[in-house]
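# Examining the three-dimensional arrangement
Residues per chain, in single letters:
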Amino acid sequence: MAYIDNSNARDLVTMLQSLRPLPDAPTLTDAALLGLRMKWGDRTPIFQCARGKGLGREGVLSQYQEQADQVVFTYLKTCDRKPARIEMLRWMVDDGIHEQVLNYVRAEVVVGAGYPYAIETADQVAVIQSQDRQKFYRLLQEWAQSAEVPLSFSRKMVSKMMRR
């Protein structure tokens, strides 16, 4: 599952433009289109992500390889700004657990003061602190010397390491 807080996706905009001739609006995003009409906790229907199918413009979907046709999405209003884009695999909808999962996201957003608490916490603990970074570089340098691998750091990187 993916939570995209500030999505620039245009899947729905493109779909609407394919249904009837509309003026081109290259800066209009799905989230901006939906945002004003949604209240906190609202979600859109679940849509199949078929971005550029057959046009050679699959973008990120091509990275899903054989599961490219399994990606679905919805927009979920989680704050006073534009709705977040939630992407998941279609089996979650087929198995009927998507609404429960979206309720978990709603709860996480409440606890996280506008952003899912679990993602916020994971981000916080994933950041390498200065002390850990220095230890990593020292271990890398020791390994490179023992393996007789020439290793050098750019002046910019050394300067940053000295300041941190």
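Nothing here was measured: the structure is a model prediction, and the numbers come from that model.

## Quick word on the overall build of the chain
A tally of helices and strands in the chain yields 7 helices and 4 strands. Along the chain, helices and strands appear, N-terminal first, in the series β-α-α-β-β-β-α-α-α-α-α. For a compact globule of 164 residues, the expected C-alpha radius of gyration is about 15 Å, and the chain comes in at 22 Å, more than 25% above that figure. When the backbone C-alpha atoms are referred to their principal axes, the chain occupies close to 65 × 40 × 35 Å. Put simply, the chain has 164 residues, and 27% of those count as buried. In the chain, once contacts between residues fewer than 6 apart in sequence are set aside, the share between residues at least 24 apart is 53%.

## Brief notes about unusual backbone geometry
Even without a glycine there, the phi angle at Ala113 is positive, about 55°. Position of Ala113 relative to the elements: it lies in the loop between helix H4 (98–111) and helix H5 (117–126). The class for Ala113 is exposed, based on a relative accessible area of 74%.

## Let's talk about the packing of aromatic side chains
Aromatic ring pairs are reported here in terms of the distance separating the ring centres and the angle at which the planes meet. Applying the stated criterion across every chain, the model contains 4 aromatic pairs. Both rings, one in Tyr3 and one in Tyr115, keep their centres 5.5 Å apart while their planes meet at 85°; by these two values the pair is edge-to-face. Here Tyr3, found in strand S1 (residues 2–4), pairs with Tyr115, found in the loop between H4 and H5; they are 112 residues apart in sequence, far enough to count as distant. For Tyr115, a relative accessible area of 28% translates into the label partly exposed. Taken together, the aromatic side chains of Phe47, Phe73 and Tyr75 make up a single cluster linked through ring pairs. When the ring centre of Phe73 is taken as origin, the NZ or CZ atom of Arg85, which lies over that ring, is 3.9 Å away.

## So, the pairing of strand S4 (residues 84–89)
Burial analysis of S4 places 5 of its 6 residues in the buried class, the great majority of the element. Here 3 bridges tie S1 to S4, and the two strands are oriented antiparallel to one another. Looking at the pairing, Ile4 lines up with Arg85 of S4.

## Points about the pattern of salt bridges
Scanning the model with the defined rule gives 6 salt bridges in all. The residue Glu99 makes a salt bridge to Arg43 at a minimum N-O spacing of 2.8 Å. On the criterion of sequence distance, the pair formed by Glu99 in helix H4 and Arg43 in the loop between helix H2 (30–35) and strand S2 (47–48) is long-range, its members being 56 residues apart. Taking relative accessible area as the criterion, Glu99 reaches 28% and is therefore assigned partly exposed. Close ionic contact of Arg106 with Glu99 constitutes a salt bridge, the shortest N to O distance being 3.2 Å.

## Section: a nonpolar patch on the surface
The grouping of Met15, Leu16, Leu19, Leu22, Leu28 and Leu33 at the surface amounts to a nonpolar patch, some 500 Å² of accessible area in total. No other element matches the 3 residues that helix H1 (residues 11–19) contributes to the nonpolar patch. Tracing the chain through its elements places Leu16 in helix H1.

The rules behind these values
- Residues numbered from 1 in each chain as written.
- Predicted model: local features only at pLDDT ≥ 70, side-chain atom pairs only at ≥ 80, totals over all residues.
- Heavy atoms only, no water.
- Helix = DSSP H or I, 4+ residues; strand = E, 2+ residues; numbered from the N terminus.
- Rg over C-alpha atoms; globule rule 2.2 N^0.38 Å.
- Buried < 20%, exposed > 50% of the residue type's maximum accessible area, 1.4 Å probe, protein only.
- Contact = heavy atoms within 4.5 Å.
- Phe/Tyr/Trp six-rings, centres within 6.5 Å; stacked < 30°, edge-to-face > 60°.
- Lys NZ or Arg CZ within 6 Å of the ring centre and 35° of its normal.
- Pairing = 2+ DSSP bridges.
- Salt bridge = Lys/Arg side-chain N within 4 Å of Asp/Glu carboxyl O.
- Patch = residues over 30% accessible without salt bridge, like charges linked within 9 Å, V, L, I, M, F, W, Y side chains within 5 Å.
- Areas by Shrake-Rupley, 256 points an atom, 1.4 Å probe, with all protein chains shown as cover.

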